Amino acid sequence: MYLGVLGRLPLAVARALLAALRGRLGALCWSLAPLSLPLSLSGWRRVSAPSPAAPAGPRREREWDDAFPTPISVNYHFTRQCNYKCGFCFHTAKTSFVLPLEEAKRGLAMLKEAGMEKINFSGGEPFLQDRGEFVGKLVQFCKQELKLPSVSIVSNGSLIRERWFKKYGEYLDILAISCDSFDENVNVLIGRGQGKKNHVENLHKLRQWCREYAVAFKINSVINRFNVEEDMNEQIKALNPVRWKVFQCLLIEGENSGEDALREAEKFIISDQDFEQFLDRHKDISCLVPESNQKMRDSYLILDEYMRFLNCRNGRKEPSKSILDVGIEAAIKFSGFDEKMFLRRGGKYVWSKADMKLDW
């Protein structure tokens, strides 16, 4: 009956009604949590930690919104292993653990049920695991089974082959390639050198494959002591990414700083003023998205290889319990996620390639 009614409504009205129904259904599901009823999505079962009793109605919904942010955009670092040795890396190879594929899918289904719209797969280097097959299968699952609006990957690009695009490209919305300099000597100093392979030449090859297989192309750059004086205007304009994410080099204790760290990033650090000068030099590039240390630390929902949310508010990555063990509700409240900063930094944007008006 409801489908028949929706079919006769204008598209915008139908979408609004569906969004409202989804919100009501979500509230109902959480209200049933104390009963430990199994909720299902695409064959997966989810049993979250019981919620304390609370009064129904608008007040409870407001309390939920304040206490537990919706995981609308999640960064899943499913591996810490990498074939590069970037000196400022703040998610280093402290373990070699990778979840079994079906367990990773189970966690992703739980996140979708909790409101996730965008998943970003990162590392380490995501294409190291099973030569890209692991991340490919996750990308396909998230787009084909979970119907997520946006699926993206961040990679150094060195291990991606055209056959991967042929097999999985249709399921990927955005491919972000890390490139910190267009001077190959600087890339070697940073740790992005890999023998005789040229990082910049490979970047252009990947850009072309993204055009051919209709994947939105993005560039991530970490601005540090070795590239802060560089003028990248010409190269970025030629590559024409949908977004150029420019990060200020960040210290995270236990990752790239401190006694138990695998990297010593202090020599890469730049001042806020240095970062602002770099941004000013590139202010005419419309796709530039700047991210200072303050914005980065609090405004990302990061899942590690065990599917634990990582809280970076105190300058180190403090993990929650795994969502696979305690559910989304119990884990996310320890994430330190600043939803207002997420929105302020432009974390929500047109991120589905179906909605992008791109000249591939």
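Report on the accompanying structure. No experiment lies behind these values; they were computed from the predicted model shown.

About the cut-offs
- Residues numbered from 1 in each chain as written.
- Predicted model: local features only at pLDDT ≥ 70, side-chain atom pairs only at ≥ 80, totals over all residues.
- Heavy atoms only, no water.
- Helix = DSSP H or I, 4+ residues; strand = E, 2+ residues; numbered from the N terminus.
- Expected span 1.5 Å × (residues − 1).
- Buried < 20%, exposed > 50% of the residue type's maximum accessible area, 1.4 Å probe, protein only.
- Disulfide = S-S within 2.5 Å.
- 1 Å grid on protein atoms, 1.4 Å probe; cavity = no way out; pocket = protein on both sides within 12 Å on 5 of 7 lines; lining within 4 Å.
- Points joined across faces, edges and corners; volume = space filled by probe spheres on them.
- Polar contact = N/O pair within 3.5 Å; in protein donor to acceptor, adjacent residues only side chain to side chain.
- Axes fitted to C-alpha atoms, helices over the stretch in contact; angles between N-to-C directions.
- Parallel < 35°, antiparallel > 145°, perpendicular 65-115°, else oblique.
- Contact = heavy atoms within 4.5 Å.
- Patch = residues over 30% accessible without salt bridge, like charges linked within 9 Å, V, L, I, M, F, W, Y side chains within 5 Å.
- Areas by Shrake-Rupley, 256 points an atom, 1.4 Å probe, with all protein chains shown as cover.
- Salt bridge = Lys/Arg side-chain N within 4 Å of Asp/Glu carboxyl O.
- Lys, Arg positive; Asp, Glu negative; His and termini not counted.
- Charge placed at Lys NZ, Arg CZ, Asp CG, Glu CD.
- Pairing = 2+ DSSP bridges.
- Right-handed = clockwise from strand over helix to strand, strands pointing away.
- Phe/Tyr/Trp six-rings, centres within 6.5 Å; stacked < 30°, edge-to-face > 60°.

### Remarks on helix H4 (residues 101-113)
It helps to recall that an α-helix has 3.6 residues per turn; residues three or four apart then point in one direction.
Thought 1: A rise of 1.5 Å per residue sets the reference length of H4, with its 13 residues, at 18 Å; its end C-alpha atoms lie 19 Å apart and thus fit the reference within 8%.
Thought 2: Where H4 is concerned, the buried positions are Leu101, Ala104, Lys105, Gly107, Leu108, Ala109, Met110 and Leu111.

### Some words on the state of the cysteines
Thought 1: All told, the structure shown has zero disulfides when counted by the stated rule.
Thought 2: With no disulfide of its own, Cys82 has Cys86 as its nearest cysteine by sulfur position, at a separation of 6.3 Å.
Thought 3: Its relative accessible area of 35% is what places Cys82 among the partly exposed residues.
Thought 4: As a non-bridged cysteine, Cys89 has Cys86 as the owner of its nearest cysteine sulfur, 6.6 Å distant.

### Looking at the layout of surface pockets
Thought 1: The computed volume of the second largest pocket comes to approximately 970 Å³.
Thought 2: Lining the second largest pocket are 49 residues, and of these His77, Phe90, Ser122, Gly123 and Val154 lie nearest its centre.
Thought 3: Listed by contribution, the elements that provide at least two residues to the lining of the second largest pocket are strand E3 (73-77), strand E4 (118-122), strand E5 (150-155), strand E7 (216-223), strand E8 (243-248) and helix H11 (293-298).
Thought 4: The dominant element in the lining of the second largest pocket, judged by the number of residues it contributes, is E7, at four residues.

### Section: the side chain of Asn83
Thought 1: Topologically, Asn83 is positioned in the loop between E3 and H4.
Thought 2: A distance of 2.8 Å separates the side chain of Asn83 from the side chain of Ser158, its partner in a polar contact.

### Re the packing of H4 against helix H12 (residues 323-332)
Thought 1: It is at 10 Å that the axes of H4 and H12 come closest, and there the two elements cross at 10 degrees. Judged on the interaxial angle alone, H12 and H4 are roughly parallel. Residues Glu103, Arg106, Gly107, Met110 and Leu111 of H4 form the contact with H12, whose own contacting residues are Ile323, Leu324, Gly327 and Ile328.

### Structural notes on H12
Thought 1: Counting buried positions along H12 yields nine of ten residues, so the element is predominantly enclosed.
Thought 2: A side-chain oxygen of the first residue of H12 lies 3.1 Å from the backbone nitrogen of Leu324; this N-cap is Ser322.

### Topic: a positive patch on the surface
Thought 1: A cluster of basic residues, Arg131, Arg161, Arg163, Lys197 and Lys205, forms a positive patch at the surface.
Thought 2: Inspection of the secondary structure assignment puts Lys205 in helix H8 (residues 199-212).
Thought 3: Given the relative accessible area of 40%, Lys205 is considered partly exposed.

### What about the pairing of strand E9 (residues 288-291)?
Thought 1: Pairing between E8 and E9: four bridges, direction parallel. Note that in E9 the partner of Val246 across the bridge is Pro290.

### Quick word on the pattern of salt bridges
Thought 1: This model, assessed by the stated rule, comprises 13 salt bridges.
Thought 2: Residue Arg225 pairs with Asp274 through a salt bridge whose shortest N-O separation is 3.0 Å. Of this pair, Arg225 sits in the loop between E7 and helix H9 (233-239) while Asp274 sits in helix H10 (residues 272-281), and the two are 49 residues apart along the sequence.
Thought 3: What makes Asp274 buried here is its relative accessible area of 17%.
Thought 4: Of the charged contacts, one joins Glu291 and Lys245 as a salt bridge, the two residues approaching to 3.3 Å between their closest N and O atoms. With a gap of 46 residues between them, Glu291 in strand E9 and Lys245 in strand E8 connect regions that are remote in the sequence.
Thought 5: Glu291 sits in the buried class, given a relative accessible area of 0%.
Thought 6: What emerges from the salt-bridge pattern is a single network uniting Arg80, Glu255 and Glu305.

### A look at the pairing of E3
Thought 1: Burial analysis of E3 places five of its five residues in the buried class, the great majority of the element.
Thought 2: As paired elements, E3 and E4 share five bridges and run parallel to each other. Bridge assignment links Val74 to a residue of E4, and that residue is Ile119.
Thought 3: Read as a crossover between parallel neighbours, the route from E3 over H4 to E4 is right-handed.
Thought 4: Two strands pair when backbone bridges link them, and E3 and strand E10 (residues 302-303) are joined in this way by two bridges, in the parallel orientation. What sits directly across from Tyr76, in E10, is Leu303.

### Here's the deal with the packing of aromatic side chains
The description of two aromatic rings rests on the distance between their centres and on the angle between their planes.
Thought 1: Per the counting criterion, the structure on display carries 15 aromatic pairs.
Thought 2: Between Phe97 and Tyr306, the aromatic rings sit 4.5 Å apart at their centres with planes inclined by 15 degrees, giving stacked as the arrangement. Of this pair, Phe97 sits in the loop between E3 and H4 while Tyr306 is found in the loop between E10 and strand E11 (308-311), placing the two residues 209 residues apart along the sequence.
Thought 3: Classification of Tyr306 by relative accessible area gives partly exposed; the value is 31%.

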